[in-house]
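# An overview of the molecular structure
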Amino acid sequence: MLLSEMKIGHFRVYFRGALLAVVLLGLVVSACGWQLRGSPGGISLAGQGLYVIDDIGSSDLRRAVRRGIEGAGGRQVESRNEADLVVILHTRSSDRETAAVGVGGDAEEYRLEYRVSYSVEDSAGDVLIDRQAANAMRTFAEVEGGADQRRRREDDIEEELRDEVARMIMLRLQVI
C-alpha cells in the first residue's frame, strides 16, 4: 500500500504518500529551473567582458556601473575588441519635486527620480538592446536643519538611486 494512514483524533495522517509527494514536487520544481528571487543561482554575467562607453561623463555613474558588473559576476574590459557586450550610457537626469505639502503650504515630502538612458551592442556593433531608460524613484520627508541638511539627504538618496539604476541595467543584460 502506497499510503499509510493513522487516525489521530479527527485527523488522518498519511505518511509515505505525503513524503513521496513532497519529494516528487521538490524534484519537479528543481528540474524546471525555478529559483528563489535574490538567490545566488540563476542567470549571471559570469565570465562575460563588458566595455562601457560613457557619453554622460559621470564618474559616479561609471563607478556604480562597475560595481554592478562586478556584483553580477562580469568583468569590465578596456576595449570594445575584448568585450562580449558594449554598454553605452547616453544621458542621465535627476529631478526633485515636492510630493506633499503641509497645512501651512510648506513642503513636507520630496520625490527624487534618477534616470539613465542606455543601449547595448555586441563587440561588432550590432544592437542587442535599443536605447531605453532605467529609472528609480524615492520619496523622503523634509529633513530638520534646513536646506543644507536636505541637500545632503538628497545626495545620499541620489547615490542609492544611481546604484539601483546600475543594478537594473545589469539585470537587463543578464537576459540577453
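This write-up is about the structure you can find in this document. (Residues numbered from 1 in each chain as written. Predicted model: local features only at pLDDT ≥ 70, side-chain atom pairs only at ≥ 80, totals over all residues. Heavy atoms only, no water.)

### Some thoughts on helix 3 (residues 147-173)
Helical periodicity: at 3.6 residues per turn, an α-helix aligns residues three or four positions apart in one direction. Look at helix 3: 38 Å from first C-alpha to last across 27 residues, which is about the 39 Å you get at 1.5 Å a residue. Packed against the buried residues of helix 3 are strand 3 (49-54), helix 2 (59-71), strand 5 (85-101), strand 6 (107-121) and strand 7 (127-141). (Helix = DSSP H or I, 4+ residues; strand = E, 2+ residues; numbered from the N terminus. Expected span 1.5 Å × (residues − 1). Contact = heavy atoms within 4.5 Å.)

### Quick word on the nonpolar core
Membership of the largest hydrophobic core comes to 28 residues, with the highest contact counts inside it found for Val65, Leu89, Ile169, Met170 and Leu173. Breaking this core down by element, the ones donating at least two residues are strand 3, helix 2, strand 5, strand 6, strand 7 and helix 3. (Core = buried A, V, L, I, M, F, W, Y, C linked by side-chain atoms within 4.5 Å. Buried < 20%, exposed > 50% of the residue type's maximum accessible area, 1.4 Å probe, protein only.)

### A word on the environment of Asp126
Mapped onto the fold, Asp126 is located in the loop between strand 6 and strand 7. For Asp126 and Val86, which are 40 residues apart along the polypeptide, the C-alpha to C-alpha distance reads 9.8 Å. In contact with Asp126, not counting residues within four places along its chain, are Val120 and Glu121.

### Looking at the side chain of Glu158
Considering the arrangement of structural elements, one finds Glu158 in helix 3. A relative accessible area of 17% places Glu158 in the buried class. Discounting residues that sit within four places of it in the chain, Glu158 has contacts with Arg92, Ser94, Leu112 and Tyr114.

### Looking at the packing of helix 2 against helix 3
Relative to each other, helix 2 and helix 3 sit at 45°, their axes nearing to 8 Å. By the angle between their axes, helix 2 is oblique relative to helix 3. Considering only the axes of helix 2 and helix 3, their crossing is right-handed. Here helix 2 contributes Asp60, Leu61, Ala64, Val65, Arg67, Gly68 and Ile69 to the contact with helix 3, which in turn contributes Arg162, Asp163, Ala166 and Met170. Here the residues of the contact of helix 2 with helix 3 sort into 6 nonpolar, 1 polar and 4 charged. (Axes fitted to C-alpha atoms, helices over the stretch in contact; angles between N-to-C directions. Parallel < 35°, antiparallel > 145°, perpendicular 65-115°, else oblique. Left-handed = near helix turned anticlockwise from the far one by under 90°. Nonpolar A, V, L, I, M, F, W, Y, C, P; charged D, E, K, R; others polar.)

### What to know about the pattern of salt bridges
Tallied over the entire structure, the rule returns 15 salt bridges. One salt bridge in this structure joins Arg67 and Asp163, with 2.5 Å as the shortest N-O distance. Of the two residues, Arg67 is situated in helix 2 and Asp163 in helix 3; the sequence distance between them amounts to 96 residues. Look at Asp163 and you get buried, because its relative accessible area is 18%. Its salt-bridge partner being Arg138, residue Glu160 comes within 3.7 Å of it at the nearest N-O pair. (Salt bridge = Lys/Arg side-chain N within 4 Å of Asp/Glu carboxyl O.)

### Some details on the sheet that holds strand 4 (residues 75-76)
Taken in spatial order, the 5 strands make up an open sheet running 4-3-5-6-7, and their pairing is mixed. The sheet terminates laterally at strand 4 and strand 7, the two strands that pair on one side only. The sheet contact formed by strand 3 and strand 5 spans 5 bridges and is parallel. If you follow Val52 over to strand 5, its bridge partner there is Val87. Across the sheet, helix 2 is in contact with strand 3, strand 4, strand 5 and strand 6; its angle to strand 3 comes to roughly 165°. Across the sheet, helix 3 is in contact with strand 3, strand 5, strand 6 and strand 7; its angle to strand 7 comes to roughly 150°. (Pairing = 2+ DSSP bridges.)

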